[in-house]
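# Coordinates in review
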Amino acid sequence: MTDRYLDDLEAQSIYILREAFSQIKPLGMLWSVGKDSNALLWLAQKAFYGKVPFPVIQLDTDMELQEVYDFRDRMVKEWSLDLKIEKCPPEEEMDSTLSPATRAATRKTEGLRNLLRDSKYKGIILGIRRDEQSMRAKERVFSPRGLDGNWDFKNQPTEIWDQYKTECPDGCHIRIHPLLAWTEIDIWRYTKREQIPVVPLYFSQNGKRYRSLGEKNITFPIESMASNIDEIIAELEITKTSERSGRSMDHESEDSFEILRTGGYM
Amino acid sequence: MKVKTALKYYELVVTCEDKIMKDRQLYEKLRIVIVGHVDHGKSTLIGRLLYDTNSLPDGSFEGMEKASKKRGDVMEWSFLLDSFQAERDQAVTIDTTQINFTHNNHKYVIIDSPGHTEFLRNMISGAAQADAAILVVDADEGVQEQTKRHAYLLSMLGLRQVAVVINKMDNVDYDIKIYEKIASDVASFLKSINIRPTKIVPISARNGDMIVTRGDHLDWYEGRPLLDVLEGFDPSRPPIARDMRFPVQDVYRSEEKRVIVGRVESGIVRTGSKILLSPTNEDATIVSIEKWPKGKIEKVEAKAGECIGITLDKPVFVERGHVISLPKTPPMLSNVFRVHLFWLSKKPLKVGDVYKISLSTFKCFATVQSIDRGIDTNDLSFQEKAEQVGRNQVAEVTLRTHDMIALDPYENNYKMGRIVLYDAGEVCGGGTISMEDYADQRRLQKPKSENIQKVDHLMSYSRRVARNGYGGGVFWLTGLSGSGKSTLAMEVERILFDKGYQTYVLDGDNVRHGLNADLGFSPEDRAENIRRVGEVSSLMASAGIICITAFISPYRSDRNRARESSPNHFHEIAISASLHTCEERDSKGLYKKARKGEITDFTGISSPYEVPENPDLTINTEVNNIETCVSQIVAYIENNIKLTTEELDLAGLENLEEKIRVH
C-alpha cells in the first residue's frame, strides 16, 4: 500500500510515453545513463511491452566517467536498445564569454542542436523533473521548442486534462517530459521496487558518492555513507541539500541555469 | 435477485474505496493550487509555507535574500518560485510552477499560479492538475475581479475542496471586522457558483500568522491554521465506481497479437468481460490484460487510473479514439452537445467557426452552432445568444461535430465529459459537456414500439425465386464520390436486364430526391440514409429482385448494419480508386466545392471514408476500364444468384404446375 502513489506516477508516465509515440514522429529519447533516464527506459519497456520503439540518444562529451560508459554498453545489450551516440562539439567552439562550467555544459546544448538538425526528430523525450531546479519546475509535459531549440518560457501552451501540444512547425520540435512530476526520492523508491539497474557511482565508496551524474570536469561527488538504495532513500528523507549541488553550472550566477535552458539546454 | 447482488457489489466497491481513501492520505500526494487576484500574495504564502515547515533546501533562503537585495526590495518570498529573471525583475509570476513538500507524513505538491489576466491560461494549466485549492484574498483590497474569475474557473474545473485565506491581515491591524466583511463577501460569491469553502482563514503570509502555527496576532480566530485545513483534504481518485470507460489510446500490432492500449478512465476492466466499442457498436470479449515484465500471476482486472493493454477474442475494427464500455452501460453517442466553455485565445470564438476538438483520445472537428449564453464571471450576469466569446471569457455554447462522438455528460463521468478546443495545434479553450435537450443518438437496435408482431407471408422466398430461376440479392457498391459506383451500377443493371433478370439500382442521389429527401449529410443523417436503403434493398431482395445499390456509405458501422438487414443476400463490393483519381475525375464538380469549403462533410476531404475491411469483391476502377469492371461485377452477381439444390427442386415443381395450368 505504501507505494501506491508510485503506481500513479508510473501510470501517468506510461500514458505520456504512449501519447508521444502515437502523436509525434519521428521520436527519440535522450539517455544520460543516469538514474532518471534509466527509470524512464524501464517505463518505456512497460509502456511498449519490452521493446523501446524509438532510438535512445547519448549526447557524448567524451567526459563522462568510465563507469557510465561501461554501464551504457551493458544496458544496450541487455535491453536491446537502438543506441545513437551524438558527439558534442569541443569546448573551444563554445561562446568564450560564458563562465567556465556553463560553457562546458553548453557543449550538450550544441550537441543536441546538431542532432536535431541532422536527424529531424520532431519529438525528444527527456527525463527531467520539476524538483531538480526551479526553472524545470515551470516546464510543461509537452514543451515546444523554436527553430534554434530555444525555450519561449513566457509563452508556454495551455496544458489541461492530459491534452498536449503535439504539433509544431517545420524545423521546430517538442520536448516530452514523462518524469516531470517525479521527485528524486520517488525515482529511488521506484528503482528499488522495480529493481532497475543503476550506475554503481551512486553508491558510497570511501565516504563519497555521486548524487547526480554529469561530466567529470563539472560534477563532483558528495559526502555520503549511503552504499545501497535503502540508505540513499534514508539519506534523502532528511537531507536539505539540493540534488544538483554537485553541478557547477547551476551556481555560477543567479541566472546561469536560465541562460542555459532558454538556449535549449535540457 | 440480480439487482440485489449488483447493489451489494456496488456498496462493496464504494466502501473499499472509502477505506482506501483514509489509508491513502498517508501515502499519496495532495496537489494544491494557490489562486487569487494579482498581488494578493500567492507566491509569498507558498514561500512562507515552505519556510515554516522546514522544507526549503539549504541555500535557497540565502539565494532568495541575495536576489531580493539585488533588486533593493525587502525580503521577497516569491523569488523562491518566481525563478525567471523576468518574473523577479517585474515581481510578477508568469507561469505556473510546482513544488513538493512533506509535513506530518502528508505529501503535498504546491502548484503556484499567476494572478494576471493575461496569464489566465497558465493559471488553468496549474489548476487543472489540482485536487484542492487555496483562494487568496487581500485584506486591504477584498474580493477583486480575478478572485471571482479564478473561483469560477475552479468550479468549472470541478474542484470542490477549496480553502479561502484572507491574507495581509498585518496591513489591516488584524481587524476582525475587516475579516468578517470579506469572509462574508467571498462566501456568498462562492455559494452562487456551487463552491462551499471548507474554511476561511485569516493569515499574514509575511509574518507567518495562522499558516503553520497560530502566531501571536489572531487570537480572536477560533479555527485552526491553514496547514491543518490542508491535512483534511483528500487526493482525488479516479472514478472506480462509475460505468467502465476505456478509451483506446493506440493499437500495437505484433506477429502474435494485437494489443489495445489506453488508460482505464472509470470503472474496472476485467478479462472475460463482453465489451462494446463506441462509436462503431461492435462487440467482443476481453481475452487478456497484457503486462511487462510478464511475472507469474496473470492480470485479470484493472481499475480506473491504470494504463493497460488488452487483447480481444476477434479482429473487430479498433482505432485510437474508440471507447470500450460494457454493453449495457455504454457512453452516449451524439454529434451535437452543449459545452460550458472557457476561452483563452486572442482570436474570439464565433458562431460558424470550426475547431479541432479532443475528448480523451478522440479528435475530430466541431462547428460552433450557437453561443447560447455569454457569462460575466464578475457579476454572474449573462447575455443570451451572444455573437462571440472573447479571450478569458466564459460561455455556454452548442457544438456540432462532423463525426459521431462517444461521450458522457460531465455530471455522469467527468473524465469523458470534457473537451478541449485546438487552434493551430494549440489548446485555445476547454469546457464541460452537457447533453441537455439533446438525445443519445446510439442507433436503435430494435423497433421503437414494442407492439409489433411479424406476420408470416404465405409465399416463401424459395417459391418466389424458384419461379424466377435465380435468387434475389443486395449488391452493395461502396466507394468515394467519383470512384464509379453509379456508372457501373447502371451499366450492370442494363446488362442483367437484357439477360432476362429482374434488377433495380438504388442510387444515392436518386434516393435523396424521394425516400430520403428529409436527410442531409451529417453523420446521423448519413446513417439514417444508409439504414433506410439497407432496409429497402433487403425487401427487394426478399421479393426476388437483384438490387444494386450505389452509395458512398463511408462508415463501416453503417454498411455492417445494412448487411445485418439482409444476412443471407448481402454482398459488399468495394469500388476502389484513390482520392487523387476521384478528385481529378470530379464529374459533378463536388470536390472543387469541397476544397473551397462550400460543401462541408464531404467524404474524403472533410469527412472520413472507412475502407471495407473484408469486402466480398473489390473492383479497381483506377487500373481497369469500365467494360472490364462491369463484366467482373456481372460475373460475380451471376455466380452468386444461383439457386440452391432445394430451390432447384422447388423450381421443378413450379414449372410442372405452370405446365398443368397452361394445358
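None of these values were measured; they are calculated from a predicted model.

On a plain count of helices and strands, chain A comes out with 7 helices and 8 strands. A burial count over chain A gives 63% of its 266 residues as buried. Within the structure as shown, chain A displays about 9900 Å² of accessible surface, and the carbon and sulfur contribution to it stands at 50%.

Quick look at the sheet that holds strand 1 (residues 27-30) of chain A now. Remark on secondary structure: sheet strands pair via backbone hydrogen bonds, oriented parallel or antiparallel. Residue and element names in this part refer to chain A. Read across the sheet, 6 strands follow the order 3-2-1-4-6-5 without closing on themselves; strand pairing throughout is mixed. Whereas interior strands pair on both sides, the edge strands pair on one side only; in this sheet they are strand 3 (83-87) and strand 5 (142-145). Direction aside, neighbouring strands of the sheet carry axes that sit 30° apart on average. Sheet topology note: the strand 2 (residues 56-60)/strand 3 ladder contains 5 bridges and is parallel. Across the sheet, the residue bridging to Leu59 is Glu86, located in strand 3. Helix-sheet contacts for helix 3 (residues 66-78) involve strand 2 and strand 3, and the interaxial angle to strand 2 is about 165°. Across the sheet, helix 4 (residues 100-119) lies against strand 1, strand 2, strand 3, strand 4 (123-125) and strand 6 (173-176), angled at about 135° from strand 2, the strand it touches most.

Residue and element names in this part refer to chain A. Within this structure, the stated rule accounts for 57 salt bridges over all chains. Of the charged contacts in the structure, one is a salt bridge between Asp118 and Arg117, with a shortest N-O distance of 3.5 Å. Considered together, Asp118 and Arg117 belong to a single accessibility category, that of exposed residues. The closest approach of N and O atoms between Glu132 and Arg136, which form a salt bridge, is 2.8 Å. In terms of burial, Glu132 and Arg136 fall into one category: buried.

This paragraph deals with empty space enclosed by the protein. Here the structure, examined in full by the defined rule, presents 8 cavities of 30 Å³ or more. Contributing to the lining of the second largest cavity are A:Tyr15, A:Trp161, A:Asp162, A:Gln163, B:Arg263, B:Glu265, B:Ser360, B:Lys415 and B:Arg418. Split into classes, the residues belonging to the lining of the second largest cavity amount to 2 nonpolar, 2 polar and 5 charged.

Let us look at the interface of chain B and chain A. Each side of the interface is counted separately: chain B has 72 residues, and chain A has 53 residues. A combined buried area of about 5400 Å² lies between chain B and chain A, and 50% of that area is made up of carbon and sulfur atoms. A salt bridge links A:Glu167 to B:Lys356, with the nearest nitrogen and oxygen atoms 3.3 Å apart. For the pair chain B and chain A, the number of links is 19 residue pairs in polar contact (both at pLDDT 80 or more). For the side of chain B that touches chain A, the residue count by class is 28 nonpolar, 21 polar and 23 charged.

Take helix 5 (residues 120-127) of chain B next. Residue and element names in this part refer to chain B. Counting buried positions along helix 5 gives 8 out of 8 residues, so the element sits mostly inside the fold. Restricting attention to buried positions, one finds in helix 5 the residues Leu120, Arg121, Asn122, Met123, Ile124, Ser125, Gly126 and Ala127. Tucked into the core, helix 5 has its buried residues touching strand 1 (29-36), strand 3 (106-112), helix 6 (145-156) and strand 16 (332-343).

With that settled, the discussion passes to the environment of B:Glu65. You can see B:Glu65 is positioned in helix 3 (residues 60-70). Through-space distance from the C-alpha of B:Glu65 to that of B:Trp77 is 8.5 Å; in sequence the pair is 12 residues apart.

Residue and element names in this part refer to chain B. Put simply, chain B has an average pLDDT of 85, and 87% of its residues get 70 or more. Here helix 1 (residues 2-24) stands out as the element of chain B with the lowest mean pLDDT, 41, in contrast to strand 7 (residues 246-247), whose mean of 98 is the highest. Below a pLDDT of 50 lies the segment residues 1-26, which in the model reaches 23 contacts outside its immediate sequence neighbourhood of four places, other chains included.

Residues and elements named next belong to chain B. At their nearest, the axes of helix 5 and helix 6 sit 11 Å apart, and the two run at 40° to each other. When the axis of helix 5 is compared with that of helix 6, the two are oblique. Crossing angle aside, the handedness with which helix 5 passes helix 6 is right-handed. Residues Leu120, Met123, Ile124 and Ala127 of helix 5 lie in contact with helix 6, whose contacting residues are Gln146, Arg149, His150, Leu153 and Leu154. The residue inventory of the contact of helix 5 with helix 6, partitioned by class, reads 6 nonpolar, 2 polar and 1 charged.

Now for helix 10 (residues 485-498) of chain B. Residue and element names in this part refer to chain B. With 14 residues, helix 10 extends 20 Å between its outermost C-alpha atoms, agreeing within 8% with the 20 Å of an ideal straight helix rising 1.5 Å per residue. Summarising the contacts, the buried residues of helix 10 are in contact with strand 25 (473-478), strand 26 (503-507), strand 27 (546-550), strand 28 (570-576), strand 29 (617-620) and helix 16 (626-640). After helix 10 finishes, the residue Gly500 shows a positive phi value of roughly 105°.

What counts and how
Residues numbered from 1 in each chain as written. Chains lettered and ligands numbered in written order. Predicted model: local features only at pLDDT ≥ 70, side-chain atom pairs only at ≥ 80, totals over all residues. Heavy atoms only, no water. Helix = DSSP H or I, 4+ residues; strand = E, 2+ residues; numbered from the N terminus. Buried < 20%, exposed > 50% of the residue type's maximum accessible area, 1.4 Å probe, protein only. Areas by Shrake-Rupley, 256 points an atom, 1.4 Å probe, with all protein chains shown as cover. Pairing = 2+ DSSP bridges. Axes fitted to C-alpha atoms, helices over the stretch in contact; angles between N-to-C directions. Contact = heavy atoms within 4.5 Å. Salt bridge = Lys/Arg side-chain N within 4 Å of Asp/Glu carboxyl O. 1 Å grid on protein atoms, 1.4 Å probe; cavity = no way out; pocket = protein on both sides within 12 Å on 5 of 7 lines; lining within 4 Å. Points joined across faces, edges and corners; volume = space filled by probe spheres on them. Nonpolar A, V, L, I, M, F, W, Y, C, P; charged D, E, K, R; others polar. Buried area = accessible area lost by both parts, 1.4 Å probe. Polar contact = N/O pair within 3.5 Å; in protein donor to acceptor, adjacent residues only side chain to side chain. pLDDT = per-residue confidence, 0-100. Parallel < 35°, antiparallel > 145°, perpendicular 65-115°, else oblique. Left-handed = near helix turned anticlockwise from the far one by under 90°. Expected span 1.5 Å × (residues − 1).

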